[in-house]
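Here is how the chains run, residue by residue.
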Amino acid sequence: MKLFLDTANLEEIRTAAEWGIITGVTTNPSLIAREEGDFQEIVREITTLVPGPVSAEVISLTGEEMVEEAKNLAKMASNVVVKIPMTHEGMKAVSVLAPEGIKTNVTLMFSLNQALMAAQAGASYISPFIGRLDDIGHSGVQLVKEIVEVYNYYGYETEIIAASIRHPLHVMEVAQAGADIATIPFKVLSQMFQHPLTEKGIKMFLDDWQKSGR
């Protein structure tokens, strides 16, 4: 399973890229709105910081407008992936963009039926939002398991990005469920490093070294 960073903050992306553990970034209008600067400039900068896919979301509502906006976004860099919402109009756009070789990430995904339609339309990626499902008493991880099983059974090439990750346990669970990718907030990614036995072991080794007098 690959690890993406879910943010539009350039400093967070630079730091995580230096760790050598992320291969892509996902953004959305809310994340972009928190940052200062021009939207396109931010996205262009992100595409230079990571080697893999960078998802940038359309804000149009009709299929025709989404297609036009997606084509403009795709011109920004070769690793731009266009995020498209799971709507009737969104699927119209995906079905037009896919044959043209423009990669798409269908977002706001909450059911297996939606995952099936996105794959049929030709989505490169889908983003089931597991944390938001948990918030309303459903299991987001169970949805990932269901999508993985059906995609594998029918041979769909659409990759599954587990999104709306809330804590490190979510990452472990979607990895065990077979997700292709987990897109993770910077805070959660940082928490994944932490374990009390690691910290205890480092302290013990350093203490022993100092006691040796070398």
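Above this note sits the structure.
Residues numbered from 1 in each chain as written. Predicted model: local features only at pLDDT ≥ 70, side-chain atom pairs only at ≥ 80, totals over all residues. Heavy atoms only, no water.

A.B. asks: Give me the lowdown on the overall build of the chain, citing residues and values where you can.
C.D. replies: If you tally the helices and strands in the chain, you get 11 helices and 8 strands. With respect to the principal axes defined by its C-alpha atoms, the chain has extents near 70 × 40 × 30 Å. Expressed as a percentage of the 214 residues in the chain, the buried residues total 46%. Contacts in the chain between residues far apart in sequence, at least 24 positions, make up 56% of those at least 6 positions apart. By element, 53% of the accessible surface of the chain is carried by carbon and sulfur atoms, the whole surface being about 11,400 Å². Each charge class in the chain was averaged separately, 17 positive and 27 negative side chains, and the resulting centres sit 7 Å apart. (Helix = DSSP H or I, 4+ residues; strand = E, 2+ residues; numbered from the N terminus. Buried < 20%, exposed > 50% of the residue type's maximum accessible area, 1.4 Å probe, protein only. Contact = heavy atoms within 4.5 Å. Areas by Shrake-Rupley, 256 points an atom, 1.4 Å probe, with all protein chains shown as cover. Lys, Arg positive; Asp, Glu negative; His and termini not counted. Charge placed at Lys NZ, Arg CZ, Asp CG, Glu CD.)

A.B. asks: An account of helix H3 (residues 39–49) is requested, with residue identities and associated values reported.
C.D. replies: Turning to H3, its buried residues are Ile42, Val43, Ile46 and Thr47. Looking straight down H3, one finds its buried side chains confined to an arc of 135 degrees; they lie on one side. Away from the buried face of H3 by more than 90 degrees, exposed residues Glu41 and Thr48 are located. Here the buried face of H3 lies against helix H1 (10–19), strand S2 (24–26), helix H2 (29–33), strand S3 (54–57) and strand S4 (80–85). At the N-terminal boundary of H3, the capping side chain belongs to aspartate 38, with an oxygen 3.1 Å from the backbone nitrogen of glutamine 40. (Arc of directions from axis to C-beta. Polar contact = N/O pair within 3.5 Å; in protein donor to acceptor, adjacent residues only side chain to side chain.)

A.B. asks: I'd like to hear about the pattern of salt bridges, residue by residue, with values.
C.D. replies: Applying the stated rule across the entire model yields 8 salt bridges. Put simply, arginine 14 and glutamate 11 hold a salt bridge, and the shortest N to O gap is 3.7 Å. Highlighted residues: arginine 14 and glutamate 11, both in helix H1, separated by 3 residues, approximately one helical turn. For arginine 14, a relative accessible area of 32% puts it in the partly exposed group. Note that lysine 83 is salt-bridged to glutamate 57, the shortest N-O span being 3.9 Å. One end of the pair, lysine 83, is in strand S4; the other, glutamate 57, is in strand S3, and 26 residues separate them in sequence. Residue lysine 83 shares its accessibility class with glutamate 57, and that shared class is buried. (Salt bridge = Lys/Arg side-chain N within 4 Å of Asp/Glu carboxyl O.)

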